[in-house]
Amino acid sequence: ADRLMAFGRERRDPRALGMALWLLGWLAIIAQEYEAALAYGEECLRVALTPLDRQFGETVVGNSQLLLGRVSDGIETILRHRRQAELNGWRLSAMTGEVALALSMLMRGELGKGVRSLESVIERAENEYGYRSYANWGRIYLAEFYIAMLTGTKKPSLRILLRNFLFLMRAKPIAAEKADTLLHQAMADPWFSERGVTRARIEFGLGQICAATGRSDLAGGHFETARKIATAQNASNWHTKVDAATASFRQGG
């Protein structure tokens, strides 16, 4: 992507620049560097030549906005993109905001609705479109929701707790099992290289589950694998997360 960007600047080729920018944007999303992803997406929208590149740039912008907590802006961007993609008959492109839209429901405190929406995206991506990697992205995000429930991070307000009381009563006892199953399903996808950042994310999640369920020896193994991948990929934010999680469970939380 960097070479494509350099080529585009040297030749003043907006097609090469547009492609490079949305590629870099998605790479930043994968690395959870959402501010950088948003900047790439917005620049792509400014310089992209083709409708396809502009559409891909818009998905980067919308997903980044949502993942940064700018829920209203993100929903508006993704829905606008989806309408245009459906008009063009670009069915896979239209789907690329579905996981983020489901996450927006969780961010708004619609926990049961958000989980059901993520489960629906996973089922449709896998069985209707054969889009296995996107289904597994959905599984990773859904697993991380269950892990947050299990570990008590990102505590919801009292209003949200009361609104989702029945869902939480049913979901919390099975959160560890659900998250573990989802992450192992994603790990089995050959699209996610065992040396890649996504694998580090999966290993980190498995470490969190083990730490929360009292299996500290297994947690340490998962965290160490995640750390090695993060170091090899120069993913400093993941390295920081792994170190913090390792220190926390060694100190007993």
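Located above this text is the structure these notes cover.
Okay, so let's go over this structure. (Residues numbered from 1 in each chain as written. Predicted model: local features only at pLDDT ≥ 70, side-chain atom pairs only at ≥ 80, totals over all residues. Heavy atoms only, no water.)

### Examining helix α13 (residues 197–212)
Helical geometry: 3.6 residues make up each α-helical turn, so side chains three or four residues apart lie on a common side. Spanning 16 residues, α13 covers 23 Å between terminal C-alpha atoms, matching the ideal 22 Å at 1.5 Å per step. Burial runs high along α13: 13 of the 16 residues are buried. Phi turns positive one or two residues past the end of α13, at Gly 214, with a value near 80°. (Helix = DSSP H or I, 4+ residues; strand = E, 2+ residues; numbered from the N terminus. Expected span 1.5 Å × (residues − 1). Buried < 20%, exposed > 50% of the residue type's maximum accessible area, 1.4 Å probe, protein only.)

### Looking at the pattern of salt bridges
All told, the structure shown has 13 salt bridges when counted by the stated rule. Its salt-bridge partner being Arg 124, residue Glu 98 comes within 3.6 Å of it at the nearest N-O pair. Linking Glu 98 in helix α7 (residues 98–107) with Arg 124 in helix α8 (residues 111–127), this pair joins segments that are 26 residues apart in sequence. On the accessibility criterion, Glu 98 (13% relative accessible area) is buried. Taking the shortest distance from any N to any O, the salt bridge between Glu 224 and Arg 227 comes out at 2.5 Å. On the criterion of helical spacing, the pair formed by Glu 224 and Arg 227 is a turn pair, its members being 3 residues apart in helix α14 (residues 216–232). You can call Glu 224 partly exposed: its relative accessible area is 32%. Residue Arg 227 is classed as buried on the basis of its relative accessible area of 17%. Taken together, the salt bridges that share partners define one network made up of Glu 58, Glu 76 and Arg 80. (Salt bridge = Lys/Arg side-chain N within 4 Å of Asp/Glu carboxyl O.)

### What to know about helix α2 (residues 14–30)
Taking 1.5 Å of rise per residue, the 17 residues of α2 would be expected to cover 24 Å, and the 24 Å separating its terminal C-alpha atoms lies within 8% of that figure. Turning to α2, its buried residues are Ala 16, Leu 17, Gly 18, Ala 20, Leu 21, Trp 22, Leu 24, Gly 25, Ala 28 and Ile 29. Next to the buried residues of α2 lie α1 (2–11), α3 (34–47) and α4 (51–67). Gln 32 lies just past α2 and shows a positive phi near 60°. (Contact = heavy atoms within 4.5 Å.)

### What about the packing of aromatic side chains?
Under the definition given, this model contains 8 aromatic pairs. On the numbers, 6.3 Å between centres and 35° between planes, the contact of Phe 145 with Phe 167 is tilted. Of this pair, Phe 145 sits in helix α9 (residues 132–151) while Phe 167 sits in helix α11 (residues 165–171), and the two are 22 residues apart along the sequence. Both residues of the pair, Phe 145 and Phe 167, count as buried. Taking the centre distance of 5.5 Å and the plane angle of 70° together, the rings of Phe 204 and Trp 238 count as edge-to-face. A residue pair is termed long-range when its members are at least 10 positions apart, and Phe 204 in helix α13 and Trp 238 in helix α15 (residues 236–250) qualify at 34 residues. Judged by its relative accessible area of 9%, Phe 204 is buried. What links up through ring pairs into an aromatic cluster is the set Trp 137, Tyr 141 and Phe 192. For the cation-ring pair, Arg 201 lies above Tyr 141, with the distance from its terminal atom to the ring centre recorded as 4.6 Å. (Phe/Tyr/Trp six-rings, centres within 6.5 Å; stacked < 30°, edge-to-face > 60°. Lys NZ or Arg CZ within 6 Å of the ring centre and 35° of its normal.)

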